[in-house]
Amino acid sequence: MNKYLEQLVQLSKYDSKISAYEPQIENEKAKLAVFLQTAESISSSIDATHAEIDDLKSKRTKNNIHLSELKVKLDEITKKNNVVQNEKELKALQLEEEIAKEQISFANEEISRLDDLMQSKEAYVKELEDKLAQEKEEINDLQVAVDNAIEDLNKDRNNVYQERAVLLEQFDNKILTFYEKIRRWAKDKAVVPVRKQACYGCYMKINDKAYADVIKAEEIVNCPHCGRILYKEVESEEA
Ligand SMILES: [Zn+2]
C-alpha cells in the first residue's frame, strides 16, 4: 500500500477512536444524572410536606386560641346565669351557651382532624427521608464508579492522542491538509473502506477503473461520488 495512504488510514482510525470517547464519557455522566434527579425530586417533596405540616400547625394553633376564647365565654355565661332576672334573659343565655358548646365541639373535632393529618404527613416525611438516604448512598457508590470509568477513558484517549502525535510527525503537510479538508464535512468518515466495490462513506458503487486503482493501492484514490479517500481492507479486516 502507498505509504501516504497507509498513514491516512491509520490517522483516520485514531481520529474515529478519539471521537468515540466523548459519547462514552457523557454516557457515564448520564448514569449519575438520573439518580441526582431522583434525589432532587425527593428533596423537594420533603420540603413541600414540611411546609404543609407547618400550615397544619398554624391552623391547630388558631383553633386552640379559638377554643380558649370559647371557654372564657362559657364561664361568663355561667356567671350571668347566677344573676339572671327573668325568663327572657334565661332563654337568651341558654341559646348562647348552646352555640358556644357547639363551637367548642367543632373546634375539638377540627383539632383532632388536623392532628391526624399531621401524623400522616410526618410519617410520609420519614418515609421520604429514608428513601433519600438510600438514594444518596447509591449516588456515592455510583459516583466512585463513574469517576473511575471516566478516568480510564481519559487515560485511553490520551494514549491514542500520543500515538496520533507520533504518526503526525511523519506526515506530509500537503496530505494532512488534504485529509483535514475532507474531514471537515465527512467527520470521522474521511477515509473509508471499499467493500463489494462500494464506497463505505456514501455506499455507492464505484466504477471498475477506480476499483482497480483502490486494489492496486499505489496512489490515493477518492470516491468518484463523494470524494472520500478510499482503501481496500486486508482480508481479515473485511471479514
Ligand atoms: Zn463515496
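Residues numbered from 1 in each chain as written. Predicted model: local features only at pLDDT ≥ 70, side-chain atom pairs only at ≥ 80, totals over all residues. Heavy atoms only, no water.

Enquirer: For this particular structure, what's the right way to read the environment of Arg60?
Expert: Within the fold, Arg60 resides in helix α1 (residues 3–82). The partly exposed category is assigned to Arg60, whose relative accessible area is 26%. Between the C-alpha atoms of Arg60 and Glu110, which are 50 residues apart in sequence, the distance is 8.0 Å. Sequence-distant contacts of Arg60, defined by excluding residues within four places in its chain, comprise Ile111, Leu114, Asp115 and Met118. At 2.6 Å, the side chain of Arg60 and the side chain of Asp115 are in polar contact. (Helix = DSSP H or I, 4+ residues; strand = E, 2+ residues; numbered from the N terminus. Buried < 20%, exposed > 50% of the residue type's maximum accessible area, 1.4 Å probe, protein only. Contact = heavy atoms within 4.5 Å. Polar contact = N/O pair within 3.5 Å; in protein donor to acceptor, adjacent residues only side chain to side chain.)

Enquirer: Would you explain the packing of α1 against helix α2 (residues 87–169) in this entry?
Expert: When two helices pack together, their arrangement is given by the angle between the helix axes and by the axis-to-axis distance. The geometry of α1 relative to α2 is characterised by a closest axis approach of 5 Å and an angle of 165 degrees between their N-to-C directions. Classified by the angle between their axes, α1 and α2 sit roughly antiparallel to one another. The way α1 lies across α2 gives a crossing that is left-handed. Tallied by class, the residues present in the contact of α1 with α2 amount to 40 nonpolar, 15 polar and 28 charged. (Axes fitted to C-alpha atoms, helices over the stretch in contact; angles between N-to-C directions. Parallel < 35°, antiparallel > 145°, perpendicular 65-115°, else oblique. Left-handed = near helix turned anticlockwise from the far one by under 90°. Nonpolar A, V, L, I, M, F, W, Y, C, P; charged D, E, K, R; others polar.)

Enquirer: Just to check I follow, could you spell out the sheet that holds strand β1 (residues 191–195) for this structure?
Expert: Strands belonging to one sheet form pairs held by backbone hydrogen bonds; the direction of such a pair is parallel or antiparallel. Across the sheet, four strands lie side by side as β2-β1-β4-β3; this open sheet has mixed pairing. Single-partner strands in this sheet number two, and they are β2 (198–199) and β3 (221–222). One ladder, built from three bridges, connects β1 with strand β4 (residues 229–231); its direction is parallel. Paired with Val191 across the two strands is Ile229, which belongs to β4. (Pairing = 2+ DSSP bridges.)

Enquirer: Whenever I open this one, the domain arrangement of the chain confuses me. Can you help?
Expert: The figure often quoted for interface size is the accessible area lost as the parts come together. When cut into domains, the chain gives domain 1 (19–169) and domain 2 (173–238). Here domain 1 and domain 2 have C-alpha centroids that lie 63 Å from each other. (Domains from an automatic or database assignment.)

Enquirer: How should the coordination of the zinc ion be read in this particular structure?
Expert: Six octahedrally arranged donors around a metal ideally form angles of 90 or 180 degrees; four tetrahedrally arranged donors ideally form angles of 109.5 degrees. Those donors, Cys199 (SG), Cys202 (SG), Cys223 (SG) and Cys226 (SG), are the protein atoms that reach the zinc ion, and they lie 2.2 to 2.4 Å from it. Around the zinc ion, the four donor atoms sit at angles spanning 105 to 117 degrees, and that spread fits a shape best called tetrahedral. Along the chain, the residues donating to the zinc ion fall in the pattern C-x2-C-x20-C-x2-C. We classify Cys223 as buried; its relative accessible area is 4%. (Donors = N, O, S within 2.8 Å, 3.2 Å for Na, K, Ca; no water. Tetrahedral: all angles 85-135°; square planar, octahedral: opposite > 155°, others 65-115°.)

Enquirer: Whenever I open this one, the nonpolar core confuses me. Can you help?
Expert: Burial of nonpolar side chains together is a common tendency in soluble globular proteins. Ranked by internal contacts, the top residues of the largest apolar core, which has 37 residues, are Leu8, Phe171, Tyr179 and Val191. For this core, the secondary structure elements donating two or more residues are α1, α2, α3 (173–186) and β4. Per element, the largest residue contribution to this core is 14 residues, and it comes from α1. When residues of this core are assigned to domains, at least three fall in each of domain 1 (19–169) and domain 2 (173–238). In this structure Tyr179 touches Leu8, Leu11, Ser12, Asp15, Ala190 and Val191, once residues within four positions along its chain are discounted. (Core = buried A, V, L, I, M, F, W, Y, C linked by side-chain atoms within 4.5 Å.)

Enquirer: Honestly, unusual backbone geometry in this entry has me stumped. Any pointers?
Expert: Among all residues except glycine, the phi angle is most often negative; among peptide bonds, the trans geometry is most common. If you check the backbone angles, Lys196 has positive phi at about 50 degrees while not being a glycine. With respect to the secondary-structure elements, Lys196 resides in the loop between β1 and β2. Backbone geometry at Ala217 places phi at a positive 60 degrees, although glycine is not the residue there. Relative to the helices and strands, Ala217 is located in the loop between α4 (208–216) and β3.

Enquirer: In this structure, what is going on with the pairing of β1? I would like to understand it.
Expert: Consecutive side chains along a regular strand alternate between the two faces of the sheet. Most of β1 is tucked away: four of the five residues are buried. Inspection of the sheet shows β1 paired to β2 by two bridges, in the antiparallel sense. Bridged to Val194 within β2 is Cys199. Hairpin connection from β1 to β2: two residues lie between these consecutive antiparallel strands, with Lys196 at a positive phi of about 50 degrees.

Enquirer: Quick question: what am I supposed to make of the packing of aromatic side chains here?
Expert: The geometry of an aromatic ring pair comes down to the distance between the two centres and the angle between the two planes. Under the counting rule described, the total for this entry stands at one aromatic pair. Here Tyr200 and Tyr203 contribute two aromatic rings whose centre-to-centre distance is 5.2 Å and whose plane-to-plane angle is 65 degrees, an arrangement assigned as edge-to-face. Judged by relative accessible area, which is 26%, Tyr200 ranks as partly exposed. Here Arg195 stacks its cationic end above the ring of Tyr200, 4.8 Å away from the centre of that ring. (Phe/Tyr/Trp six-rings, centres within 6.5 Å; stacked < 30°, edge-to-face > 60°. Lys NZ or Arg CZ within 6 Å of the ring centre and 35° of its normal.)

Enquirer: Whenever I open this one, the pattern of salt bridges confuses me. Can you help?
Expert: Once their charged atoms are close, side chains differing in charge can pair, the charge on each being opposite to the other. Under the counting rule described, the total for this entry stands at 16 salt bridges. Note that Arg164 and Asp15 form a salt bridge whose closest N and O atoms lie 2.5 Å from each other. Placement of the pair is Arg164 in helix α2 and Asp15 in helix α1, with a sequence separation of 149 residues. Here Lys121 and Glu52 are joined by a salt bridge, their closest N and O atoms 2.7 Å apart. Of this pair, Lys121 sits in helix α2 while Glu52 is found in helix α1, placing the two residues 69 residues apart along the sequence. (Salt bridge = Lys/Arg side-chain N within 4 Å of Asp/Glu carboxyl O.)

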